Amino acid sequence: MSSKRRMFFTLSLLVTAWVVLISRLMWIQILDVHQFSKHGVNLIEEAVTQRKQEVTLHTGRGDILDRNGQPLTGSERTGVAVFPLVRGNLDKEKIARLAELTDLNEDQLHHVIQQVRVPTFIRDSEGKIIALNEMNAQEVDQLSLPGIVSLPITERYQPDALATQLVGYISQNPERIQKEYAEELKRGEITKRTLIGASGLERSFERFLQGVGPTTVSYFVDARGNPLNGLKSKMVEQENQFYPLAIKTTLNKDLQKLAEESLLHEGVALGSVVVLDAKSREVLAMASHPVFHPGSRIELENGNWVNRSIKQISPGSVFKTVVAAAVLEEGVVKPDDKFHCEGHYGKYGFSCWKEGGHGEITFAEAFAQSCNIAFAHAALKLQPGDLEKYAEKLGLTQQVGWSQSPFFKMNTFRQLDGEDRGQIFSAQTPRQDEGVLIQTAIGQRDVQITPLQAANMMATILEGGEKEEVRVVKEIRYKTGSLFHSFEAHPIEGEQIDRYTAYQLRKMMESVVDSGTAQTLKDSLWKLAGKTGTAQTNSGKNNQWFVGYGPVENPQYVVVAVAEQEPKSGPNKVIPVVKRIMNELAVQQDSSHQLRP
């Protein structure tokens, strides 16, 4: 009896488990198919996705343009699309003709076609999609090669793209979509697989750049990835008269290219350039090294996507501009006051960069020669809190990019994603300590500012102390070209330096080029002015800086160049970068004047 009961009990458990399993499968496949699990997975869509391969012809996102309407996120071109539908022998004559149309070697083309496993476009040796004119595109289609067709494609990030750190990149991020775009997800406007902005303008302007869906060509495959016979490829194209919106930046594409080439030409591995319109505070160029290609996984992992123009680093003697503003406006030092530099301070291991010192030197000369000893003594004449007060007056302790709260449906909106605030002292630093103060006076110790803040500081001085936020985007436009929103100038609230103080600073910055540490700029096409800086880093290397403007007679442009982590004994790389950019601006302006009637 006991054995029969055990058998009955065992069978009952098996039947119960079987019933539970069948019930669960019925629930999943019939009742819970659209919202499976707590994550709301649509099983039908997932099943289709597993059997579908597609090529995206356009992401559906809005374009990012330069100030003249030139695209920074790719433009449409017609290329040769290759789908993995080719099997068996190919017509040699047709392949030979296709090779002619694409300017490729016949054997190389044949190899590419045979090896394709996912939809792709034929590219040249630089990785660019080979563009076809209308006549060649028609001929490609007339060849009737299986799986080979001409298609229009807009590749968002091209190999030779500009301003890639500022533009940023897009990626899939289901968790962020669930958290930040729950309403759009619920309305079906996006899915968890939708590509969203991960950095740069792509991220800060995400809600404006979102389109109405991508344009794709898709087909279905079996478990081995082979195309399913009888199921034709399908193009899905979204049509909307007004969307997606386009973001028109303040950048000048030609100037952006020059800035990037200048960093490359001088061998700046880690650094940045900012070119600012001195009057409007519009960014004309913003370059960052190392270079970044959004399609490179290695560069993504290495952090090349970071925009170094808006990241804080030690400024070195550039910060002497703040010290000069403070002591002049507070009246504790005059430009012709004399200091004595023997090359060392006498304690704390503090010394001047010039071995043996500068001897007797006026404060104005100390600024031009960047004398550490004179500025250490000058800073000690200030009252507690003065350095921070004047740093704030010059916009070095806050984000300076354009912002607004609220903005449309966002509580806070900032044009620049990931912009740092800068700092003068860390929270734990004893701010009245003599050793701390003299190190701070020369832009060392805790002092951190961004190249963009430095550029805006210079523009503030040129405008007599008036602070204003920096714009990198001018406007947002509908697909039709009509205006959606224009970004007006925003003043920065708070105290400002006096106009006479700004005038004194300008005169001293002129002397930096005339007789100081930037005399190599004297033979530039324009008369220039500015301030050099060399900051020692914890790694034993230097950050090289130059913050300048031109032409002196009528300042129009501010240029900041930074080369980070350079060897102490290495050449100055930033002065040649600034000189090259300023000379090109001078040439362009001269040419435009000559063309005027």
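Here, the structure is the one placed above.
This report concerns the structure included in the present document.

Rules of the game
- Residues numbered from 1 in each chain as written.
- Predicted model: local features only at pLDDT ≥ 70, side-chain atom pairs only at ≥ 80, totals over all residues.
- Heavy atoms only, no water.
- Helix = DSSP H or I, 4+ residues; strand = E, 2+ residues; numbered from the N terminus.
- Buried < 20%, exposed > 50% of the residue type's maximum accessible area, 1.4 Å probe, protein only.
- Contact = heavy atoms within 4.5 Å.
- Areas by Shrake-Rupley, 256 points an atom, 1.4 Å probe, with all protein chains shown as cover.
- Axes fitted to C-alpha atoms, helices over the stretch in contact; angles between N-to-C directions.
- Pairing = 2+ DSSP bridges.
- Polar contact = N/O pair within 3.5 Å; in protein donor to acceptor, adjacent residues only side chain to side chain.
- Patch = residues over 30% accessible without salt bridge, like charges linked within 9 Å, V, L, I, M, F, W, Y side chains within 5 Å.
- Salt bridge = Lys/Arg side-chain N within 4 Å of Asp/Glu carboxyl O.
- Core = buried A, V, L, I, M, F, W, Y, C linked by side-chain atoms within 4.5 Å.

Topic: the overall build of the protein
Thinking step 1. In terms of helices and strands, the protein carries 20 helices and 21 strands.
Thinking step 2. Relative to its full complement of 597 residues, the protein shows a buried share of 49%.
Thinking step 3. Contacts in the protein between residues at least 24 apart in sequence constitute 70% of all its contacts with a sequence separation of at least 6.
Thinking step 4. As displayed, the protein offers around 29,600 Å² of accessible surface, 49% of which is attributable to carbon and sulfur atoms.

Overview of the environment of Q398
Thinking step 1. Its place among the elements puts Q398 in the loop between α16 (386-393) and β15 (403-404).
Thinking step 2. Exposure remark for Q398: the relative accessible area of 18% places this residue in the buried category.
Thinking step 3. Spatially, the C-alpha atom of Q398 lies 9.5 Å from that of E419, the residues being 21 residues apart in sequence.
Thinking step 4. Other than its neighbours up to four places away in sequence, Q398 contacts E392, R421, Q453, K467 and I492.

Some remarks on the environment of V400
Thinking step 1. Relative to the assigned elements, V400 resides in the loop between α16 and β15.
Thinking step 2. With 20 residues separating them in the primary sequence, V400 and D420 have C-alpha atoms 9.1 Å apart.
Thinking step 3. Setting aside residues no more than four positions away along its own chain, V400 makes contact with G395, E419, L452, Q453, N456, E469, V470 and I492.

Topic: the packing of helix α18 (residues 451-462) against helix α19 (residues 499-515)
Thinking step 1. With their axes 8 Å apart at the nearest point, α18 and α19 run at an angle of 115° to one another. Residue-level inspection shows M458, I461 and L462 of α18 in contact with α19, the latter providing A502, L505, R506 and M509.

Some words on the sheet that holds strand β10 (residues 246-249)
Thinking step 1. Within the open sheet, the four strands sit side by side as β2-β10-β17-β18. Their pairing is mixed. Of all the strands in the sheet, the pair left with one neighbour each is β2 (64-65) and β18 (483-486).
Thinking step 2. Relative to β10, β2 runs parallel, the two sharing two bridges. Looking at β10, one finds that L65 is bridged to K248.

Notes on helix α17 (residues 434-441)
Thinking step 1. Counting buried positions over the eight residues of α17 gives six, a clear majority of the element.
Thinking step 2. By the burial criterion, the buried members of α17 are G435, V436, L437, I438, T440 and A441.
Thinking step 3. Those residues of α17 hidden inside the fold are in contact with α13 (320-330), α15 (372-379) and α16.
Thinking step 4. Here α17 starts with a cap whose side-chain oxygen sits 3.0 Å from the backbone nitrogen of G435, and that cap is D433.

Side note on a nonpolar patch on the surface
Thinking step 1. A cluster of nonpolar side chains, contributed by M7, L11 and L14, occupies part of the molecular surface with about 330 Å² of accessible area.
Thinking step 2. Residue placement: L11 occurs in helix α1 (residues 2-31).

Quick look at the sheet that holds strand β11 (residues 271-277)
Thinking step 1. Overall, antiparallel pairing links the five strands, which are arranged β12-β11-β21-β20-β19 in an open sheet. In this open sheet, the two edge strands, each paired with only one partner strand, are β12 (283-289) and β19 (529-536). Put simply, the sheet's adjacent strands are angled 5° from each other on average, direction ignored.
Thinking step 2. Summarising the sheet, strand β20 (residues 542-550) and strand β21 (residues 557-566) pair through eight bridges and their orientation is antiparallel. Within β21, the residue paired with V547 across the bridge is V560.

A few points about the pairing of β10
Thinking step 1. When β10 meets strand β17 (residues 473-477), the two strands line up antiparallel, connected through four bridges. Paired with I247 across the bridge in β17 is I476.

Side note on the nonpolar core
Thinking step 1. Within the largest apolar cluster, 122 residues are counted, with the highest numbers of intra-cluster contacts made by F205, F363, V558 and I581.
Thinking step 2. In this structure, V558 is in contact with V274, V275, L276, A278, A455, M458, A459, L462, G548 and Y549, ignoring residues within four places of it in sequence.
Thinking step 3. Membership of the second largest hydrophobic core comes to 19 residues, among which are V80, L90, I95 and V116.

Focus: the environment of F425
Thinking step 1. Within the secondary structure, F425 is located in the loop between β16 (413-414) and α17.
Thinking step 2. Between the C-alpha atoms of F425 and Q448, which are 23 residues apart in sequence, the distance is 8.7 Å.
Thinking step 3. In this structure F425 touches E388, R431, V436, L437, T440 and D446, once residues within four positions along its chain are discounted.

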